[in-house]
Amino acid sequence: MDRIDAKIVRALQEDGRLTNQDLAEKVGLSPSPCLRRVRNLEADGVIQGYSALVDQKACGYPITCFMRIRLSVHSEEAVQRFEAKIMETEAVLDCYLMTGGADYQLRIVAESLDAYEQLVRHTIQRLPGIASIETSFAYGVVKKSRVLPVKLEAAL
């Protein structure tokens, strides 16, 4: 990725609805080469898609929690079953494999504490092989960026 590609990626992260004309002007290209670069970035998997950013609370999910899960069984079958269930659970927005005391960390949204409790009791706790669940509730957001730091000076 060269400096122009990095500028394109940064600009599209900041505003994914930029027209090709506006994007080209912003990065100092004419529209045709700009579009070619965007298509190449998409084909290479650097740009993986486009989506709208929505307000979590306005969509009825005022609660965010971070759940750490430790498994008691780490067989391939147990891990695959756990991960498959997590993948199909809409309230789980992110799931990370972790080092340290927990095997996974999940970011979960919920409509209410009751809805969170139902998720834990009827989905998470029913998964075989869970040794422990620990949850922390976020009561505010200091920073929530969706823009990866694309270092222009590092791009060659």
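In what follows, the structure referred to is the one given above.
Residues numbered from 1 in each chain as written. Predicted model: local features only at pLDDT ≥ 70, side-chain atom pairs only at ≥ 80, totals over all residues. Heavy atoms only, no water.

Enquirer: Mind showing me how you'd approach the sheet that holds strand β4 (residues 130–138) here?
Expert: Sheet strands pair via backbone hydrogen bonds, and the direction of the pair is either parallel or antiparallel. The antiparallel open sheet is built from four strands, whose spatial order is β2-β3-β1-β4. Pairing within the sheet leaves two strands with one partner each, and these edge strands are β2 (92–97) and β4. Put simply, the sheet's adjacent strands are angled 20° from each other on average, direction ignored. Across five bridges, the pairing between β2 and strand β3 (residues 104–110) is antiparallel. When the bridges of β3 are listed, Val92 appears paired with Ile108. Of the strands in this sheet, β1 (63–71), β2, β3 and β4 touch helix α4 (residues 76–87), which is tilted by about 25° from β3. The strands that helix α5 (residues 113–124) touches are β1, β3 and β4; relative to β1, the one it contacts most, it runs at about 20°. (Pairing = 2+ DSSP bridges. Helix = DSSP H or I, 4+ residues; strand = E, 2+ residues; numbered from the N terminus. Axes fitted to C-alpha atoms, helices over the stretch in contact; angles between N-to-C directions. Contact = heavy atoms within 4.5 Å.)

Enquirer: Where do I start with the environment of Gln56 in this structure?
Expert: Position of Gln56 among the secondary structure elements: in the loop between α3 (31–43) and β1. For the pair Gln56 and Ala110, spaced 54 residues apart in sequence, the C-alpha to C-alpha distance is 9.7 Å. Setting aside chain neighbours within four positions, we find Gln56 in contact with Tyr61, Pro62, Ile63, Thr64, Val109 and Lys144.

Enquirer: Can you walk me through the side chain of Asp5 in this structure?
Expert: Along the chain, Asp5 falls in helix α1 (residues 3–14). For Asp5, a relative accessible area of 14% puts it in the buried group. Once residues lying within four places of it in the same chain are set aside, the contact partners of Asp5 are Arg37 and Leu41. (Buried < 20%, exposed > 50% of the residue type's maximum accessible area, 1.4 Å probe, protein only.)

Enquirer: How should the packing of α1 against helix α2 (residues 20–27) be read in this particular structure?
Expert: When two helices pack together, their arrangement is given by the angle between the helix axes and by the axis-to-axis distance. Interaxial distance between α1 and α2 falls to 10 Å at its minimum, and their mutual angle equals 130°. Taken together, the axis directions place α1 and α2 in an arrangement best described as oblique. In the packing of α1 onto α2, the handedness of the crossing is right-handed. In this structure, α1 uses Ile4, Lys7, Ile8, Ala11, Leu12 and Glu14 to contact α2, whose residues at the interface are Leu23, Lys26 and Val27. For the contact of α1 with α2, the residue count by class is six nonpolar, no polar and three charged. (Parallel < 35°, antiparallel > 145°, perpendicular 65-115°, else oblique. Left-handed = near helix turned anticlockwise from the far one by under 90°. Nonpolar A, V, L, I, M, F, W, Y, C, P; charged D, E, K, R; others polar.)

Enquirer: I keep staring at α1 and nothing clicks. Help me out?
Expert: Given 3.6 residues per turn, any residue in an α-helix points the same way as the ones three and four places further on. For α1, built from 12 residues, the straight-helix expectation of 16 Å at 1.5 Å per residue is met to within 8% by its first-to-last C-alpha distance of 17 Å. Along α1, the residues classified as buried are Asp5, Ala6, Ile8, Val9, Ala11 and Leu12. Those residues of α1 that are buried lie in contact with α2 and α3. In this structure Asp2 caps α1, since a side-chain oxygen of it lies 3.2 Å from the backbone nitrogen of Ile4. (Expected span 1.5 Å × (residues − 1). Polar contact = N/O pair within 3.5 Å; in protein donor to acceptor, adjacent residues only side chain to side chain.)

Enquirer: Could you clarify how one ought to interpret the pattern of salt bridges in this entry?
Expert: Side chains that differ in sign of charge can pair as their charged atoms come close. Per the stated rule, a full pass over the model turns up eight salt bridges. A salt bridge links Glu134 to Arg68; the nearest nitrogen and oxygen atoms lie 2.9 Å apart. With a gap of 66 residues between them, Glu134 in strand β4 and Arg68 in strand β1 connect regions that are remote in the sequence. Note that Arg81 is salt-bridged to Glu77, the shortest N-O span being 2.7 Å. You can see Arg81 and its partner Glu77 sitting in helix α4, four residues apart, about one turn around the helix. Taken together, the shared-partner salt bridges connect Asp2, Asp5 and Arg37 into one network. (Salt bridge = Lys/Arg side-chain N within 4 Å of Asp/Glu carboxyl O.)

Just geometry here; none of it tells us what the structure is for.
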